[in-house]
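# Structural overview
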Amino acid sequence: MKISKCLAVFAALMTLSSTTSVIMAQTETGVLQTQIDSLASRLNRVEKKTSGWDKLLANLPKISGYGQIGYEWNGTSDASTSSFDIMSVRLSLAGDIGSKVDYKFQFEFVNPKLIDAYVRYKPWQEFGVQVGQFHTNFSLEGPMAPTDLEAINNAPIVRAVCMQTPDTRDIGIAAFGSFLPRNGYNIIEYCAGVFNGEGKNKVDVNKSKDVIARLKINPMKELTLSGSFSYGERGVNYVRNLRYAGGLWWHGDKFYLRTEYLALRQSEAGLKRNIDGCYAVAGYRIGKFAPVVRYNWMKSDLSGAQVSQSDYLIGVDYRPFRYLRLQANYTCTHYNGAGNSNIVGLAVTGIF
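Per-chain numbering applies: the sequence of each chain, read as written, is numbered from 1 onward. Local features are withheld for residues below a pLDDT of 70 in this predicted model, meaning they are given only at 70 or higher, and side-chain atom pairs are given and counted only at 80 or more; totals for whole chains, interfaces and linings count all residues. Water and hydrogen atoms play no part in the side-chain values, which are based on all heavy atoms of the structure.

Here we come to the overall build of the protein chain. For the protein chain, the count of helices and strands is 2 helices and 16 strands. Only protein chains enter the area calculation, which uses a 1.4 Å probe; residues under 20% of their type maximum are buried, those over 50% are exposed, and those in between are partly exposed. When each of the 352 residues of the protein chain is scored for burial, the buried share is 37%. In the protein chain, the share of contacts with a sequence separation of at least 24, taken over all contacts with a separation of at least 6, comes to 48%. Approximately 20300 Å² of the protein chain is accessible, and the part contributed by carbon and sulfur atoms is 64%. The helix count covers DSSP runs of H or I at least four residues long, the strand count covers runs of E at least two residues long, and both are numbered beginning at the N terminus. In this analysis, two residues are considered to be in contact whenever any of their non-hydrogen atoms come within 4.5 Å of each other. Only the protein chains shown count as cover for residues, and the accessible areas themselves come from Shrake-Rupley with a 1.4 Å probe.

Between rings of Phe, Tyr and Trp, where Trp is taken as its six-membered ring, a pair exists when centres lie within 6.5 Å; planes separated by under 30 degrees are stacked, by over 60 edge-to-face, and by other angles tilted. For the structure on display, the rule yields 7 aromatic pairs. Plain terms: the ring middles of tyrosine 103 and phenylalanine 105 are 6.1 Å apart, the flat faces sit at 50 degrees to each other, and that makes the pair tilted. On the basis of an interplanar angle of 50 degrees and a centroid distance of 5.4 Å, the ring pair of tyrosine 295 and tyrosine 312 is categorised as tilted. Highlighted residues: tyrosine 295 in strand 13 (residues 289–302) and tyrosine 312 in strand 14 (residues 305–321), separated in sequence by 17 residues. With relative accessibility at 32%, the residue tyrosine 295 sits in the partly exposed group. An aromatic cluster of at least three residues, connected via ring pairs, comprises Tyr118, Phe134 and Phe195. Geometry around phenylalanine 138 places arginine 243 over its ring, the cationic atom sitting 4.3 Å from the centre. A ring has a charge above it when a Lys NZ or an Arg CZ is no more than 6 Å from the ring centre and no more than 35 degrees off the ring normal. Lying over the aromatic face of tryptophan 249, arginine 258 brings its terminal NZ or CZ to 5.3 Å of the ring centre.

Let us look at helix 2 (residues 156–163). Given 3.6 residues per turn, any residue in an α-helix points the same way as the ones three and four places further on. Buried residues dominate helix 2, accounting for 6 of its 8 residues. Of the positions making up helix 2, those classed as buried are Pro156, Ile157, Val158, Ala160, Val161 and Cys162.

Moving on, we come to the nonpolar core. In this text, buried Ala, Val, Leu, Ile, Met, Phe, Trp, Tyr and Cys residues form a nonpolar core when linked through side-chain atoms within 4.5 Å. Counting residues in each nonpolar core, the largest one holds 24 residues, and the members touching the most others are Phe138, Ile157, Val158, Val161, Leu262, Ile275 and Tyr279. Ranked by the residues each element gives to this core, the list is headed by helix 2, at 5 residues. Apart from residues lying up to four places away in sequence, valine 161 is in contact with Phe138, Arg243, Leu262, Ala263, Leu264 and Ile275.

On to the environment of glycine 227. With respect to the helices and strands, glycine 227 occurs in strand 9 (residues 223–234). Between the C-alpha atom of glycine 227 and that of alanine 213, which follows or precedes it by 14 residues, the distance is 8.4 Å. Those residues within four positions of glycine 227 in sequence are excluded, and the remaining contacts are Ala213, Arg214, Leu215, Ala245 and Gly246.

pLDDT runs from 0 to 100 and stands for how confident the predictor is about each residue. Here the protein chain averages 88 in pLDDT, while 86% of its residues score no lower than 70. Contacts from residues 6–17, a stretch scored under 50 in pLDDT, to residues over four places away or in other chains number 0 contacts.

Next comes the structure, spelled out in structure tokens:
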């Protein structure tokens, strides 16, 4: 009987011990789960704050720009000049407003002026709208940034046709898009717009508008064929300007070649001015170096008075690292019936 009581007491004690262990384990598990939940809550709050900062930073404008300092020696049979020059200092602010809208503002601090100020709406790859002040996208070389040019300056025929009548940028509205996407490129690209015709930062002074369009066909990733057209009447005297251009651009990893023919037909009060010309620029990248050669020919006819010139350029482009570019160019220009000129140009460009 005593043995039975002892066994009963022992069994009760074992049951109590087991129950106590279970209760303690459940209590420890509960405490641990509470700690885990608390930590998860804190991490969630941190993630929300980080996500909020990421969204804020993503919506801030992206700042970029460049500064370009140059030196030029210009010698002719009569005289020579030599000068250092701060060629350009630009600052750009660009960003996105949602997934289909972006914007850009660009300022020039040398002879301060607003360069770009536009908003683009891109609902589809095939169609978008751009409004404001921006490149009119006439020709291949005309819209290229100075940091992308192979030589220090644009080809003379490009300056004559694209930049003196009156600018590569204007205020207006344009449609753009691309078709037939391939691996990293589109076979067809287009842009067409209506502009004031007076250049950047200028209102229209007549009731006429410039119509400018460009079509690019890319048969392969490295090859671009381009055709451009522009017509407008500018100024208070309604000076008629008709421009057209056609070009080819091979932009391979090492070798590149771009050539264009450009023409201007201008008339005002019985006076006619015709400009025709072409250029070809080529280079080959060898590591951080790229030797460059360019030929330019241009003919100008002002009511029967004809002037022509040929330009031969050799140079080198050296990029020691991503944010620094060094260029050296030598140009010999032969003027029809007016002798030659020789120009040595140096440029240092810092990009950020």
